[in-house]
Amino acid sequence: MTAARTTRRAPGKLMIAGEYAVLEPGRPAIVVAVDRYVTATATAAEGADIVIDSDLLGHEVRLRRAGQGLEALPGEDPSLAGGVLAHVVSVVETIDRLRTERRLPLAPVRLSVRSDLHRAGVKTGLGSSAAVTVAATRALADHYGMRLSPEDGFRLALLASVRVDTGPSGADLAAATWGGWVSYRSPDRESLLAGLHRDGVAHTLRCPWTDCAVGPLPPPTGLALHVGWSGSPASTTALVADLATRPEWQGALRTRFIEDSEACVSTAERALRHDEPEVLLDAVRTARGLLTRLDAETSLGIVTAPLHRLCEVAESCGATAKPSGAGGGDCGIALLPAHHSAALLRLRWTAAGITPLPLEVTTGLAADPAAEDRIVPGPSPSLQGHT
Ligand SMILES: Nc1ncnc2c1ncn2[C@@H]1O[C@H](COP(=O)(O)OP(=O)(O)O)[C@@H](O)[C@H]1O
Ligand SMILES: C[C@@](O)(CCOP(=O)(O)OP(=O)(O)O)CC(=O)O
């Protein structure tokens, strides 16, 4: 390994449609990457096997490779590796295992992580865990000279993610990897985790991922995507876990929601592919209706008062709007036809206590023009060359 310093950045995301239903393997969602990033830099470490320096902590944490993964060195807070650093630690452990299975050497590595997906330390719902996982996976793999394809990088990041939590669909990882407007269907994360335990990383990476599908979608023409922040963070994990425990979610309600969501997302995808903005707006309106109905049927707390206000105000400005993601706080999106005033929307949102976020749809890590490194192709065979 001869790389001196490898920096990779991955964008945040917003969900356009398909929330909750996409948790079901094979069910679709539409997600877009937005231009707020997490940047991960891998360099050689000294004095520890792994050093993680994250802006979430403000100090670095030194870890060592032990039999079952990374553990804190004496004097370090042992709870951090399984807590706030869980995603970065899982990335390192997943790549360590892959390289060990392939009989490739491990090296002391320092990973620095910087994020602009929080506002004054508060999460905005732009998918920081996914951006961290994708950026760190890519920085570390490239640092080792593994030269992953975007598909390999996505799969490796999803495997690192399921080791932390099999709950999330991975739609945010797909957006961070490929960027733009993305059509996504999730794999069965429980069976991937079982595969990791049973067969290891290399095999699970290569086996068919039934149900999983990712593809680019053309952006809509004549519609601008606007994003408003409700002002409060939401715990997607808590909402998803809460929904899973509801008896009503086990029966007909769930089947109907998932079927209706599939129809809605498929319509939205067709509208994007055939450049039919009116049909897209209808589908986004339907997606809002589905989330509102799910909320009414379960009292989960998806459509909070600020998110409702965000949507109503946007509609009064000529837009079609909905909560984006799990709801309960975080962001909402509005699609505004070009002949309506964006300035008015921003003004009315601000007056209603909603913060307009100046975000643009962006490319993913796979096309990162800012990738900066000094990799000299080393003797380590690439992942692709080995599989
Ligand atoms: N700057 C960062 N450095 C290290 N880990 C981070 C950073 N930002 C986010 N993470 C990881 O992502 C987790 C947050 O995930 P989550 O609560 O799902 O928020 P989000 O909705 O932004 O993904 C953190 O607990 C941490 O594990
Ligand atoms: C419910 C979901 O389908 C969508 C949640 O999207 P969010 O945007 O709420 O996620 P966070 O980035 O963690 O805030 C869960 C999923 O797809 O994982």
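Residues numbered from 1 in each chain as written. Chains lettered and ligands numbered in written order. Predicted model: local features only at pLDDT ≥ 70, side-chain atom pairs only at ≥ 80, totals over all residues. Heavy atoms only, no water.

By the naming in an unreviewed UniProt entry, the chain goes by Phosphomevalonate kinase and is assigned to Streptomyces ortus. For the chain, the Pathway (unreviewed entry) comment in UniProt is given as "Isoprenoid biosynthesis; isopentenyl diphosphate biosynthesis via mevalonate pathway; isopentenyl diphosphate from (R)-mevalonate: step 1/3." (UniProt positions renumbered as here; feature names shortened; annotations may be inferred.)

S.K.: When you look at the packing of helix α10 (residues 305–316) against helix α11 (residues 342–351) in this model, what are you seeing that I'm missing?
M.R.: A pair of packed helices is characterised by two quantities: the angle between their axes and the separation of those axes. Relative to each other, α10 and α11 sit at 145°, their axes nearing to 9 Å. Viewed along their axes, α10 and α11 form a crossing whose handedness is right-handed. The segment α10 lies against α11, with L310, V313, A314 and S316 engaging L345, R348 and W349. (Axes fitted to C-alpha atoms, helices over the stretch in contact; angles between N-to-C directions. Helix = DSSP H or I, 4+ residues; strand = E, 2+ residues; numbered from the N terminus. Left-handed = near helix turned anticlockwise from the far one by under 90°. Contact = heavy atoms within 4.5 Å.)

S.K.: How should I be thinking about the site of ligand 2 in this particular structure?
M.R.: Close to ligand 2 lie 15 residues; K13, K123, S169, T236 and A326 are nearest. With respect to ligand 2, the backbone of G127 contributes an N or O atom lying 3.4 Å from an oxygen atom. One of the side-chain N or O atoms of S169 is found 2.6 Å from an oxygen atom in ligand 2. Summarising the interface, the protein chains cover 91% of the accessible area of ligand 2, which totals 450 Å² for the free molecule. Looking at the shell around ligand 2 residue by residue, the class counts come to six nonpolar, five polar and four charged. Structurally, the shell around ligand 2 is a two-domain feature, drawing no fewer than three residues from each of domain 1 (5–217) and domain 2 (223–357). (Near = heavy atom within 4 Å. Polar contact = N/O pair within 3.5 Å; in protein donor to acceptor, adjacent residues only side chain to side chain. Areas by Shrake-Rupley, 256 points an atom, 1.4 Å probe, with all protein chains shown as cover. Nonpolar A, V, L, I, M, F, W, Y, C, P; charged D, E, K, R; others polar. Domains from an automatic or database assignment.)

S.K.: Looking at this structure, I do not really get the domain arrangement of the chain. What am I missing?
M.R.: Accessible area lost when the parts come together is the quantity often used to give the size of an interface. Here the domain parsing of the chain yields domain 1 (5–217) and domain 2 (223–357). Inter-centroid distance (C-alpha atoms) of domain 1 to domain 2 is 27 Å. At the junction of the two partners, domain 1 supplies 27 residues and domain 2 supplies 38 residues. Interface area for domain 1 against domain 2, summed over the two sides, is near 2700 Å², with a carbon-plus-sulfur share of 66%. Where domain 1 packs against domain 2, one counts five salt bridges. Between R27 and E262 there is a salt bridge, and its shortest N-O distance comes to 2.8 Å. Linking domain 1 with domain 2 are ten residue pairs in polar contact (both at pLDDT 80 or more). Elements supplying a minimum of two residues to the side of domain 1 that touches domain 2: β1 (5–17), β2 (28–44), β8 (122–123), β9 (181–185) and β10 (213–217). For the side of domain 1 that touches domain 2, the residue count by class is 16 nonpolar, four polar and seven charged. (Buried area = accessible area lost by both parts, 1.4 Å probe. Salt bridge = Lys/Arg side-chain N within 4 Å of Asp/Glu carboxyl O.)

S.K.: Teacher, can you tell me more about helix α1 (residues 86–101) here?
M.R.: With 16 residues, α1 should cover 22 Å at 1.5 Å per step; its first-to-last C-alpha distance of 22 Å lies within 8% of that length. Burial of α1 is extensive: twelve of the 16 residues sit out of reach of the surface. Once α1 ends, the next one or two residues include R103, with phi positive near 55°. (Expected span 1.5 Å × (residues − 1). Buried < 20%, exposed > 50% of the residue type's maximum accessible area, 1.4 Å probe, protein only.)

S.K.: Where do I start with the pattern of salt bridges in this structure?
M.R.: In total, this model carries 25 salt bridges according to the counting rule given. The shortest N-O distance in the salt bridge between R62 and E76 comes to 3.0 Å. Taken together, the positions of R62 in strand β4 (residues 60–66) and E76 in the loop between β5 (69–72) and α1 put the pair 14 residues apart, joining distant regions of the chain. Residue class for E76 comes out buried when judged on its relative accessible area of 16%. A salt bridge links R288 to E312; the shortest N-O distance between them is 2.7 Å. Pair noted here: R288 is in helix α9 (residues 277–298) and E312 is in helix α10, with a separation of 24 residues, a long-range link.

S.K.: Please explain the UniProt feature "domain: GHMP kinase N-terminal" (unreviewed entry) in the chain as it appears in this structure.
M.R.: Cross-referencing UniProt, the feature "domain: GHMP kinase N-terminal" (unreviewed entry) maps to residues 92–180 in the present numbering. Helix makes up 55% of residues 92–180 and strand 12%, with an end-to-end C-alpha separation of 27 Å.

S.K.: Quick question: what am I supposed to make of the sheet that holds strand β11 (residues 223–229) here?
M.R.: Sheet strands line up and pair through hydrogen bonds in the backbone, either parallel or antiparallel. If you trace the four strands from one edge of the open sheet to the other, you get β12-β13-β11-β14, paired in antiparallel fashion. Across the chains shown, the open sheet's two edge strands, defined by having one partner strand only, are β12 (320–323) and β14 (355–357). Strand-to-strand twist in this sheet, taken as the mean axis angle between neighbours without regard to direction, amounts to 30°. Inspection of the sheet shows β12 paired to strand β13 (residues 331–337) by four bridges, in the antiparallel sense. What sits directly across from K322, in β13, is I333. Contacts between α10 and the sheet are confined to β11, β12 and β13, with β12 contributing the most and set at about 170° to the helix. (Pairing = 2+ DSSP bridges.)

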